[in-house]
Amino acid sequence: MQVSNTKNLLLIFTRNPELGKVKSRLAADIGQQNALDIYVFLLNHTHKVTKHVNVAKQVWYSETLGKNDIWSTNSYVKKLQPDTPDLGERMEYAFNKGFKNGYEHIIIIGSDLYDISQNDIENAFAKLQNNDAIIGPATDGGFYLLGLSKLIPNIFKNKTWGTNTVLKDTLGDLEKYNYEQLTPKNDVDYIEDIKDIAVFKPFIKYVTND
């Protein structure tokens, strides 16, 4: 077991990998089974890039706590996201719990970003030591990573999650704080996001170009 003696906490928000419940926008293009297969592939990638990050780590499931899955309880604490449809409320709850438990620097990521690496996460934690916030912009107008050194409640409120206004609105909330932006990265939501990336070819090989 890798034990962290830091005050850093990594939150990983994940959906339970069930047919018809993941990557709905992608499923509209390539079918539900292919979308599920891609999501499982991305879950494994997220596990690979986080397992050696020397911080406390929590996996927050969307519906039920996973059992005997890739998230070993030796390295990850398993949590259940609160039962509310609002993503902001769920993220704020997880951050608030973390700060109340004594963590000083907390980062949240999703579990469906192929572009992210272990180095990206470690770099974000390093930058967070001297900032109130760190944000990783997604090319679709959202963000793929959010780090806080203290709770900033406005970040989690009055957002239309899943739209291209999230990043702009969040940066507006951070105007009075010290923050840094990371390198923008490509999220995986539509077939256009993956069609030219080699590792995704087996999942979409039946899709023809117009």
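Before reading further, recall that the structure is shown in the block above.
Residues numbered from 1 in each chain as written. Predicted model: local features only at pLDDT ≥ 70, side-chain atom pairs only at ≥ 80, totals over all residues. Heavy atoms only, no water.

If you look at soluble globular proteins, the nonpolar side chains tend to sit buried side by side. Leu10, Ile107, Ile109, Ile116, Ile121 and Leu145 are the most contacted members of the largest nonpolar core, which has 25 residues in total. Broken down by secondary-structure element, the contributors of at least two residues to this core are strand S1 (8-14), helix H2 (32-50), strand S2 (56-61), strand S4 (105-109), helix H4 (118-128) and strand S6 (143-148). Sequence-distant contacts of Ile116, that is, excluding residues within four places in its chain, are made with His45, Val49, Ile109, Ile121, Tyr144, Leu145 and Lys185. Of all hydrophobic cores here, the second largest spans 23 residues; its members include Leu9, Ala56, Phe95 and Leu174. (Core = buried A, V, L, I, M, F, W, Y, C linked by side-chain atoms within 4.5 Å. Buried < 20%, exposed > 50% of the residue type's maximum accessible area, 1.4 Å probe, protein only. Helix = DSSP H or I, 4+ residues; strand = E, 2+ residues; numbered from the N terminus. Contact = heavy atoms within 4.5 Å.)

This part takes up helix H3 (residues 87-100). Its 14 residues give H3 an end-to-end C-alpha distance of 20 Å, which sits within 8% of 20 Å, the value for a rise of 1.5 Å per residue. Taken together, the buried positions of H3 are Gly88, Arg90, Met91, Glu92, Ala94, Phe95, Gly98 and Phe99. Contact partners of the buried residues in H3: S1, S2, S4 and S6. Where H3 starts, the residue carrying a side-chain oxygen 3.0 Å from the main-chain nitrogen of Gly88 turns out to be Asp86. Among the residues trailing H3, Gly102 stands out with phi positive, at a value near 100°. (Expected span 1.5 Å × (residues − 1). Polar contact = N/O pair within 3.5 Å; in protein donor to acceptor, adjacent residues only side chain to side chain.)

We now examine the side chain of Asn131. Structurally, the position occupied by Asn131 is in the loop between H4 and strand S5 (133-137). There is a polar contact of 3.0 Å between the side chain of Asn131 and the side chain of Glu180. In this view, Asn131 contacts Ser149, Asn178, Tyr179 and Glu180; residues no more than four positions away in its chain are not counted.

Turning next to unusual backbone geometry. Despite not being glycine, Lys23 has its phi angle at roughly 50°, a positive value. Relative to the elements of secondary structure, Lys23 occurs in the loop between S1 and helix H1 (24-30). Exposure remark for Lys23: the relative accessible area of 9% places this residue in the buried category. Phi is positive for Asn68, close to 55°, though the residue is something other than glycine. Relative to the elements of secondary structure, Asn68 occurs in the loop between S2 and strand S3 (77-80).

Moving on to the sheet that holds S4. Working definition: the strands of a sheet are paired by backbone hydrogen bonds and lie parallel or antiparallel to each other. With mixed pairing, 7 strands are arranged side by side in an open sheet as S3-S2-S1-S4-S6-S5-S7. Each end of this open sheet is capped by a strand with a single partner; those strands are S3 and strand S7 (179-181). Pairwise comparison of adjacent strand axes, ignoring direction, gives a mean angle of 20° for this sheet. Bridge count for S1 against S4 is 5 bridges, and the pairing is parallel. Of the residues in S4, the one forming a bridge with Leu10 is Ile107. Packing against the sheet, H2 makes contact with S1, S2 and S4, and its axis sits at approximately 175° to S1. (Pairing = 2+ DSSP bridges. Axes fitted to C-alpha atoms, helices over the stretch in contact; angles between N-to-C directions.)

Its 19 residues give H2 an end-to-end C-alpha distance of 27 Å, which sits within 8% of 27 Å, the value for a rise of 1.5 Å per residue. Within H2 the residues assigned to the buried category are Ala35, Leu36, Ile38, Tyr39, Leu42, Leu43, His45, Thr46, His47, Val49 and Thr50. Each element contacted by the buried residues of H2 is listed here: S1, H1, S2, S4, H4 and helix H6 (201-204).

Quick look at the pairing of S2 now. Most of S2 is tucked away: 6 of the 6 residues are buried. Of the two faces of S2, the one lined by Ala56, Gln58 and Trp60 and the one lined by Lys57, Val59 and Tyr61 are each fully buried. Inspection of the sheet shows S1 paired to S2 by 6 bridges, in the parallel sense. Along S2, the bridge assignment pairs Leu10 with Lys57. Direction of pairing for S2 relative to S3: parallel, over a ladder of 4 bridges. Looking across to S3, one finds that Trp60 is bridged to Lys79.

No statement about biological role is implied by the geometric values presented.
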